[in-house]
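Examination of the molecular architecture
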Amino acid sequence: MISIIDYGLGNLGSIVNMFKKIGYQSQIIHRPEELDQATKLILPGVGAFDTGIKHLQDHGWLAPLEKKVMVERIPIMGICLGMQLMTKGSEEGKFDGLGWIDAYTRKFQPASAEVKIPHMGWSKADIVKESKLLIQKNNSERRFYFVHSYFVSVNNAEDELLRCNYGNNFTAGFERNNIIGVQFHPEKSHKFGMELFGNFANNY
C-alpha cells in the first residue's frame, strides 16, 4: 500500500487523486502506528523547514519513520519540503533534518534580478543517472512544476538523480537506495508526474 504521511503539511488530496488517475490505490495515514501497513511511503510538504521537522516530532513520527526507512528500508519519496527534510539541515531554520541523505538545504542567491525567488512554474529537469523512477516510453524531455525558495545541495554526486537550472544548476531529485526526493510537485506536473508516480508504484 502506498501511504501518504499526514503530519499537517502538504497537498495530500492532490497526491491521492494523481495515483487514482493512473490506476493505483493510495491512502493518507494520520498516525505513526499506521506505518505498519505501509509498503511504500510519500512524505509531502509545503512551508518552512523547522515547521516541518517540529510537526514530525510533535506528532510522534520521527522514531517510527527512522525504523521504517533506515532499518526496514521501504521505499520513500519526499516531495518539495519533504525532500528537504530528508537532508541534514537547512539555511532556513535551526533544527536538524532527518539526515537520511548527506545533503544540506540552501537558499537561492540569484546573481541577477531577472531570477525571481521563489522559483515558480514549469522547468526542465535533466537526468543525471539511471533509475527505475525515470523509465519512460519515449525520450522526450521532462518538465515539472516547481514552487520553492530553497534547494538541496548533495555532498555525494552519486546521489543526484535530476538536475535543473534556475540561475544556477541545482539538484531537482536525489536517490540513494530506498530514499528518493524530488523538489518539484509530481501531483501538479500532469503527464510527467503521472509517469514518475507510476514508476514509483510499479518498480519499487
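Calculation rules
Residues numbered from 1 in each chain as written. Predicted model: local features only at pLDDT ≥ 70, side-chain atom pairs only at ≥ 80, totals over all residues. Heavy atoms only, no water. Helix = DSSP H or I, 4+ residues; strand = E, 2+ residues; numbered from the N terminus. Contact = heavy atoms within 4.5 Å. Buried < 20%, exposed > 50% of the residue type's maximum accessible area, 1.4 Å probe, protein only. Polar contact = N/O pair within 3.5 Å; in protein donor to acceptor, adjacent residues only side chain to side chain. Arc of directions from axis to C-beta. UniProt positions renumbered as here; feature names shortened; annotations may be inferred.

With respect to the environment of F19
For F19, the location among the structural elements is in helix α1 (residues 12–21). Note: C-alpha distance between F19 and M194 (175 residues apart in sequence) is 7.6 Å. Other than its neighbours up to four places away in sequence, F19 contacts I2, Y24, S26, I42, F197, F200 and A201.

Observations regarding the side chain of K68
The residue K68 is located in helix α3 (residues 62–71) in this model. The exposure class of K68 is buried, given its relative accessible area of 7%. Engagement of the side chain of K68 in a polar contact is seen with the backbone oxygen of L35, the distance being 3.2 Å. In this structure K68 touches L35, D36, A38, L41, R73 and I74, once residues within four positions along its chain are discounted.

Brief notes about α3
Taken together, the buried positions of α3 are L65, K68 and V69. The buried residues of α3 occupy an angular sector of 85 degrees when projected down its axis, which confines them to one face. Residues of α3 that are exposed and point more than 90 degrees away from the buried face comprise A63 and V71. Tucked inside the fold, the buried residues of α3 contact β1 (2–5), β3 (40–43), α2 (49–58), β4 (76–79) and β11 (179–182).

Brief notes about the UniProt feature "active site" (unreviewed entry) in the chain
In the numbering used here, UniProt assigns the "active site" (unreviewed entry) feature to C80, H185 and E187. Taken together, the annotated residues stretch across 108 residues yet fold into one region, lying no more than 11.1 Å apart by C-alpha. Among the secondary structure elements, C80 is positioned in the loop between β4 and α4 (81–85). Sequence-distant contacts of C80, that is, excluding residues within four places in its chain, are made with G45, V147, V182, Q183, F184 and H185. On the secondary structure map, E187 appears in the loop between β11 and α5 (190–203). Relative accessible area serves as the criterion here: at 9%, E187 is assigned to the buried category.

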